[in-house]
Amino acid sequence: MNLPDLKKAKVRSNEEVKTIKATNLKSNKFAGKKYYLRTYGCQMNVHDSEEIKGILSNLGFISTENYEDADIIVLNTCAIRENAHDKVFGFLGRVKHLKKEKPELIVAVGGCMPQQEGVANTLKEKYPFVNIVFGTHNINDLGKMIMEGSNKQDIEVYSIEGDIYEEIQYKRDSKYEAWVNIMYGCDKFCTYCIVPYTRGKQRSRAMNDILEEVKDLKKKGYLEVTLLGQNVNAYGKDLKQGYDFATLLEEVAKIGIPRVRFVTSHPWDFTDEMIEVIAKYENIMPYIHLPLQSGSSKILKLMGRRYTKEEYLTLYNKIKERIPGVSITTDIIVGFPNETDEDFQETLDVVNKCKFDGAFTFIYSPREGTPAALIKDNIASEVKEERLQTLNTIINDYSLEHNKEYVGKTVKVLITGYSDKGVDKVCGYTETMKLVNISGAKEDIGKIVEVKITEAKSFSLDGEKIIFSNI
Ligand code: 5AD
Ligand code: SF4
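Residues numbered from 1 in each chain as written. Chains lettered and ligands numbered in written order. Predicted model: local features only at pLDDT ≥ 70, side-chain atom pairs only at ≥ 80, totals over all residues. Heavy atoms only, no water.

1. Describing the overall build of the protein
Argument step 1. The secondary structure content of the protein amounts to 13 helices and 19 strands.
Argument step 2. Over its C-alpha atoms, taken along the principal directions, the protein stretches across nearly 65 × 60 × 50 Å.
Argument step 3. Out of the 471 residues belonging to the protein, those deemed buried represent 55%.
Argument step 4. Across the protein, contacts joining residues at least 24 apart in sequence account for 75% of those joining residues at least 6 apart. (Helix = DSSP H or I, 4+ residues; strand = E, 2+ residues; numbered from the N terminus. Buried < 20%, exposed > 50% of the residue type's maximum accessible area, 1.4 Å probe, protein only. Contact = heavy atoms within 4.5 Å.)

Structure below.
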């Protein structure tokens, strides 16, 4: 089979995609066979994997946690940093051995990696045992590709997004918390970021479709929804229907689901109206993930982030003032090309001023095809490592400091399942997105309960369920 030329790759109309779904989705052909699905990367991928699980279930597959037991292995990949690639290729090495023992095993690789120029070629040449390759724009082709047979290498990746498909049959991981896509792709083109290339231009879902999905989730008993997008604050801009993220958030809150969250926010698109809506509704959780990326205005400019250090701080302070008790986390990249010690000190200055509740910190990783990859990566790796360590120490200290403020307080926790901190423990998140491990309370999985916090750690809290008594 010929490799797709990504520049000319096939684009299907919505109608065509609908026909494929309607004719191929349901089958008993694989009844009782097992699938192993491994997901790399962000929440968007985690949610896409719920779509993949829906497709596999519709073909009769059941899930297994052990890849050696599987009849089909599906890898939903990530391309955001080089180490994401390394992990996938590392795992494929193990799958290669398994395939020798089990030649009938189907191996499928999808998600962001195949959307990158050259990856499909690499898979074809170096990993010929991979049977199916699909991208982010045609996840719904997976069912058809599996049905068509596994004794060949089937590669189908579209370079263009096509229309939004509204009838996805998700198999959701949780009965209590649900992801809801409000948009796909991203138009921000931060200079280091591969996402606008792997996920395409921004496409917002129509507000009514989102509201219908949330209403349906409420009917099914879900207690929490997280509105999902690469840049939720830009929601609606591409639709030009006169509504924006503030409108959507308010309408979702009015549906009355107990907890509404959203990720990820971009400071540039964050308006005062959005802050007011978050402040106004009790069921919009006081938690905002607000990526900083760098504290140096010079580096922010090179990153194409469209705000300065001062503008970020102004927004941060406004949010803190208007939403009492809000917790704010961030993303920070160290070692972007031309980042001097002074630039790094600017980042530390912002961290010291904001005292974030938590942060995901990364060493810059050049992504081929992005504008930043053309700038010489001129920071020595020891310097990058050292900056990361320095930053992490400060971040963790603030995180612990925030967590300590909770000790002795009573907070509401949605208990989502068993904790890995002991057999008799369950866990869940506070409204401010703090992880709490709780003794006992097994019968409370799937409920929002009041918990007294007894101990603080850097990355979690310990607590006890409050037992109300009439005595
Ligand atoms: N190198 C390092 N980190 C990156 N991120 C995105 N692209 C890169 C890159 N090329 C980080 C950003 C983003 C998070 C999801 O990943 O901080 O917010
Ligand atoms: Fe990437 Fe920037 Fe879009 Fe976030 S806003 S997905 S960092 S391009």
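2. Digging into the packing of aromatic side chains
Argument step 1. What the rule picks out here adds up to 15 aromatic pairs.
Argument step 2. Their ring planes at 80° and their centres at 5.5 Å tell us that Phe189 and Tyr197 sit as a pair that is edge-to-face.
Argument step 3. Measuring from ring centre to ring centre gives 5.6 Å for Tyr316 and Phe356, while their planes differ by 85°; the resulting arrangement is edge-to-face. Taken as a pair, Tyr316 in helix α11 (residues 309-322) and Phe356 in the loop between α12 (341-354) and β14 (358-363) lie far apart in primary sequence, 40 residues in all. (Phe/Tyr/Trp six-rings, centres within 6.5 Å; stacked < 30°, edge-to-face > 60°.)

3. Notes on the sheet that holds strand β7 (residues 177-181)
Two orientations exist for strands paired in a sheet by backbone hydrogen bonds: parallel and antiparallel.
Argument step 1. In space, the 3 strands of this open sheet follow the order β7-β10-β11, with parallel pairing throughout. Each having just a single partner strand, β7 and β11 (259-263) make up the two edges of the open sheet. When strand polarity is set aside, the average angle formed by the axes of neighbouring strands in this sheet is 25°.
Argument step 2. Of the strand pairs in this sheet, β7 and strand β10 (residues 224-228) are connected by 5 bridges, and their pairing is parallel. Its bridge partner lying in β10, Trp179 is registered against Thr226. (Pairing = 2+ DSSP bridges. Axes fitted to C-alpha atoms, helices over the stretch in contact; angles between N-to-C directions.)

4. Structural notes on the sheet that holds strand β12 (residues 287-289)
Argument step 1. Pairing is parallel across the open sheet formed by 3 strands, whose spatial order is β12-β13-β14. Each end of this open sheet is capped by a strand with a single partner; those strands are β12 and β14. Each strand axis lies, on average, 10° off the axis of its neighbour in the sheet, ignoring direction.
Argument step 2. Relative to the sheet, helix α13 (residues 381-404) contacts β13 (327-334) and β14, its axis offset from that of β14 by approximately 175°.

5. A short note on the side chain of Arg305
Argument step 1. Its location among the elements puts Arg305 in the loop between α10 (297-303) and α11.
Argument step 2. Reaching out from Arg305, the side chain makes a polar contact with the side chain of Tyr192 at a distance of 3.5 Å.
Argument step 3. Look past the residues within four positions of Arg305 in its chain and what remains in contact with it is Cys190, Tyr192, His266, Pro267, Trp268, Pro291, Gln293 and Leu300. (Polar contact = N/O pair within 3.5 Å; in protein donor to acceptor, adjacent residues only side chain to side chain.)

6. Focus on the site of ligand 2
Argument step 1. In the vicinity of ligand 2, the residues found are Cys186, Lys188, Phe189, Cys190, Tyr192, Cys193, Val195, Pro196, Gln230, His266 and Arg305.
Argument step 2. A per-class count over the shell around ligand 2 returns 7 nonpolar, 2 polar and 2 charged. (Near = heavy atom within 4 Å. Nonpolar A, V, L, I, M, F, W, Y, C, P; charged D, E, K, R; others polar.)

7. So, the site of ligand 1
Argument step 1. Inspection of the region around ligand 1 gives Ile80, Arg81, Tyr192, Gln293, Asp331, Ile333, Phe362, Ile363, Tyr364, Ser365 and Arg367 as its neighbouring residues.
Argument step 2. Within the contact set of ligand 1, a nitrogen atom lies 3.0 Å away from a backbone nitrogen or oxygen of Tyr192.
Argument step 3. For ligand 1, whose unbound accessible area comes to 400 Å², protein coverage reaches 86%.
Argument step 4. Looking at the shell around ligand 1, the elements that each hand over two or more residues are β13 and β14.
Argument step 5. Grouping the amino acids of the shell around ligand 1 by side-chain chemistry returns 6 nonpolar, 2 polar and 3 charged. (Areas by Shrake-Rupley, 256 points an atom, 1.4 Å probe, with all protein chains shown as cover.)

8. Describing the domain arrangement of the protein
Argument step 1. Split by domain assignment, the protein resolves into domain 1 (30-156), domain 2 (172-283), domain 3 (286-404) and domain 4 (410-469).
Argument step 2. Here the C-alpha centre of domain 4 lies 35 Å away from the C-alpha centre of domain 1. (Domains from an automatic or database assignment.)

9. Some thoughts on the nonpolar core
Argument step 1. In terms of nonpolar packing, the biggest core is built from 58 residues, with Leu227, Phe245, Leu248 and Ile319 touching the most fellow members.
Argument step 2. Broken down by element, this core gets its largest block of residues, 7 residues, from helix α8 (residues 245-255).
Argument step 3. The residues that make up this core include at least three from each of domain 2 (172-283) and domain 3 (286-404).
Argument step 4. Not counting the four nearest positions on each side in its chain, Phe245 is found in contact with Ile182, Leu227, Val232, Asn233, Tyr235, Phe262 and Met274. (Core = buried A, V, L, I, M, F, W, Y, C linked by side-chain atoms within 4.5 Å.)

10. Some thoughts on the pattern of salt bridges
Here the idea is simple: oppositely charged side chains can pair when their charged atoms come close.
Argument step 1. As enumerated under the stated definition, the model contains 29 salt bridges in all.
Argument step 2. Two residues, Glu276 and Arg322, come together in a salt bridge whose shortest N-O distance is 2.5 Å. On the criterion of sequence distance, the pair formed by Glu276 in helix α9 (residues 272-280) and Arg322 in helix α11 is long-range, its members being 46 residues apart.
Argument step 3. Judged by its relative accessible area of 37%, Arg322 falls in the partly exposed class. (Salt bridge = Lys/Arg side-chain N within 4 Å of Asp/Glu carboxyl O.)

11. Observations regarding helix α2 (residues 43-58)
Argument step 1. Helix length check: α2, at 16 residues, gives a terminal C-alpha distance of 23 Å against a target of 22 Å (1.5 Å per residue), a fit within 8%.
Argument step 2. By the criterion of burial, α2 is predominantly enclosed, with 13 of the 16 residues buried.
Argument step 3. At the exit of α2 stands Gly60, carrying a positive phi of roughly 105°. (Expected span 1.5 Å × (residues − 1).)

12. Things to note about the environment of Val413
Argument step 1. The residue Val413 is located in strand β15 (residues 410-418) in this model.
Argument step 2. The spatial distance from the C-alpha of Val413 to the C-alpha of Val451 is 6.7 Å, given a sequence separation of 38 residues.
Argument step 3. Not counting residues up to four positions away in its chain, the partners in contact with Val413 are Arg259, Gly428, Tyr429, Thr430, Val436, Ile438, Lys447, Ile448, Val449 and Val451.

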